[in-house]
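Read off the chains here:
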Amino acid sequence: TLIKGSRGIQVVALQDALKHLNIDVGTSDGAFGMKTEAGVKELQTRKPHLPVNGIYDETTRDLLESLFQA
C-alpha cells in the first residue's frame, strides 16, 4: 500500500504508470505527494464503486494492471 508521504522506487513505478495513462502526476520523483494522490484518485474514478481515497492499495493496483492488459 502506498499513501501520501510514501517514497521509493514503487512510487516511481506508480507515477510512470499513471503518466502512461495520461494522468498528470508531475515529475516521477519517487515522492507520493499531492499530485500523485490526485492521480490515484483520478484512476480510482475509472471503476464504479471503488473508493476514491487516493490510497494505492491492492484493489487500485488490480485496476491499474487491468487497464494495461486491455
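Please refer to the structure placed before this passage.
Not measured: the values here are computed from a predicted model.

Enquirer: Summarise the nonpolar core; cite the residues concerned and give the values.
Expert: Membership of the largest hydrophobic core comes to 15 residues, with the highest contact counts inside it found for Leu14, Leu18, Phe32, Leu43, Tyr56 and Leu64. Looking at this core, the elements with two or more residues in it are α1 (9–20), α2 (34–44) and α3 (58–69). When residues of this core are assigned to their parent elements, the largest contribution, four residues, is made by α1.

Enquirer: Got a sec to walk through the packing of α2 against α3? Specific residues and values, please.
Expert: Axis separation between α2 and α3 bottoms out at 10 Å; the angle between their running directions is 70°. Judged on the interaxial angle alone, α3 and α2 are roughly perpendicular. As for how α2 packs across α3, the hand of that crossing is left-handed. Contacts from Val40, Leu43 and Gln44 of α2 reach α3 at Thr60, Leu63, Leu64 and Leu67.

Enquirer: Break down unusual backbone geometry for me, with residues and values.
Expert: Here the phi dihedral of Asn22 falls at roughly 65°; this positive angle occurs in a residue that is not glycine. Residue classification places Asn22 among the exposed residues on the basis of a relative accessible area of 71%. The residue His49 is not glycine, and still its phi comes out positive at about 75°. Residue classification places His49 among the exposed residues on the basis of a relative accessible area of 84%.

Rules used in this analysis
- Residues numbered from 1 in each chain as written.
- Predicted model: local features only at pLDDT ≥ 70, side-chain atom pairs only at ≥ 80, totals over all residues.
- Heavy atoms only, no water.
- Core = buried A, V, L, I, M, F, W, Y, C linked by side-chain atoms within 4.5 Å.
- Buried < 20%, exposed > 50% of the residue type's maximum accessible area, 1.4 Å probe, protein only.
- Helix = DSSP H or I, 4+ residues; strand = E, 2+ residues; numbered from the N terminus.
- Axes fitted to C-alpha atoms, helices over the stretch in contact; angles between N-to-C directions.
- Parallel < 35°, antiparallel > 145°, perpendicular 65-115°, else oblique.
- Left-handed = near helix turned anticlockwise from the far one by under 90°.
- Contact = heavy atoms within 4.5 Å.

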